[in-house]
Amino acid sequence: EAGVAQSPRYKIIEKRQSVAFWCNPISGHATLYWYQQILGQGPKLLIQFQNNGVVDDSQLPKDRFSAERLKGVDSTLKIQPAKLEDSAVYLCASSREGLAPGELFFGEGSRLTVL
Amino acid sequence: QKEVEQNSGPLSVPEGAIASLNCTYSDRGSQSFFWYRQYSGKSPELIMFIYSNGDKEDGRFTAQLNKASQYVSLLIRDSQPSDSATYLCAPRDMRFGAGTRLTVKP
């Protein structure tokens, strides 16, 4: 079974530029999460999707961050314009509700550096 | 604001000792908790979860949940250097704590 795929793995941009990250969850996983992990901190939940609907986006800075999950499969997280404090690893995770709720499978992450 | 708090550490234990990691939470409605391990430079992975009060054992790992006191803990028996990692706890809403960094010294 293929794992959660994320791209790009690394991205370096200047502040005020825009960036987009892509995530493809494990096949059949209805729930998809985006996390921001700043060095030395725990992952911060940005948004949770159930199929193509948003369950929780209360911690998403909506003035600059946006996310979508069209067709309930893959997802894109966008930052526009980026700030220095957005430098972090962006983790995507998916889960299949029911058998083991709460078991998230994480991708390798996308490391963003904002200069 | 629902919050999960963990001692960020670092926690250092000698090889073979018991490592004790704790997590407190503010939401009395939380019914289940999950412990994840994150090696440096890697993504988190699930260790175990606990739904009910009391202890749950899985190999060298024991999770303990005390709903009255609103804390959950993870005990690692016979700690190994390979257990050196950051341990994250999260309730069902999957909002993680800051994590506790554990170092097991040979």
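Cut-offs used in this document
- Residues numbered from 1 in each chain as written.
- Chains lettered and ligands numbered in written order.
- Predicted model: local features only at pLDDT ≥ 70, side-chain atom pairs only at ≥ 80, totals over all residues.
- Heavy atoms only, no water.
- Pairing = 2+ DSSP bridges.
- Helix = DSSP H or I, 4+ residues; strand = E, 2+ residues; numbered from the N terminus.
- Axes fitted to C-alpha atoms, helices over the stretch in contact; angles between N-to-C directions.
- Contact = heavy atoms within 4.5 Å.
- Buried area = accessible area lost by both parts, 1.4 Å probe.
- Salt bridge = Lys/Arg side-chain N within 4 Å of Asp/Glu carboxyl O.
- Polar contact = N/O pair within 3.5 Å; in protein donor to acceptor, adjacent residues only side chain to side chain.
- Disulfide = S-S within 2.5 Å.

Draft legend 1. Local environment of the sheet that holds strand β9 (residues 85–91) of chain B. All names here are of chain B. Reading across from one edge, β2-β10-β9-β4-β5 is the order of the five strands in this open sheet, with mixed pairing throughout. What marks the edges here is a single partner per strand, and that holds for β2 (11–14) and β5 (45–50). Taken pair by pair, the neighbouring strands of this sheet meet at an average axis angle of 25°, ignoring direction.

Draft legend 2. Up close: the interface of chain B and chain A. Taken residue by residue, the interface counts 16 residues in chain B and 20 residues in chain A. Summed over both partners, the interface of chain B with chain A comes to about 1400 Å²; 49% of that surface belongs to carbon and sulfur atoms. Where chain B meets chain A, there are one salt bridge. Between Asp56(A) and Arg95(B) there is a salt bridge, and its shortest N-O distance comes to 2.8 Å. Counting every contact that joins chain B to chain A gives seven residue pairs in polar contact (both at pLDDT 80 or more). Broken down by element, the side of chain B that touches chain A gets its largest block of residues, three residues, from strand β4 (residues 33–38) of chain B.

Draft legend 3. Layout of the state of the cysteines. Counted according to the given criterion, the structure contains two disulfides over all chains. The partner cysteine of Cys23(A) in its disulfide is Cys92(A), sulfur to sulfur 1.9 Å. In this structure the cystine formed by Cys23(A) and Cys92(A) twists about its S-S bond by roughly -70°; its chirality is therefore left-handed. Remark: Cys92(A) occurs in strand β9 (residues 88–95) and Cys23(A) occurs in strand β3 (residues 19–24); sequence separation between them is 69 residues. Here Cys23(B) is linked by a disulfide to Cys89(B), with a sulfur-sulfur distance of 1.8 Å.

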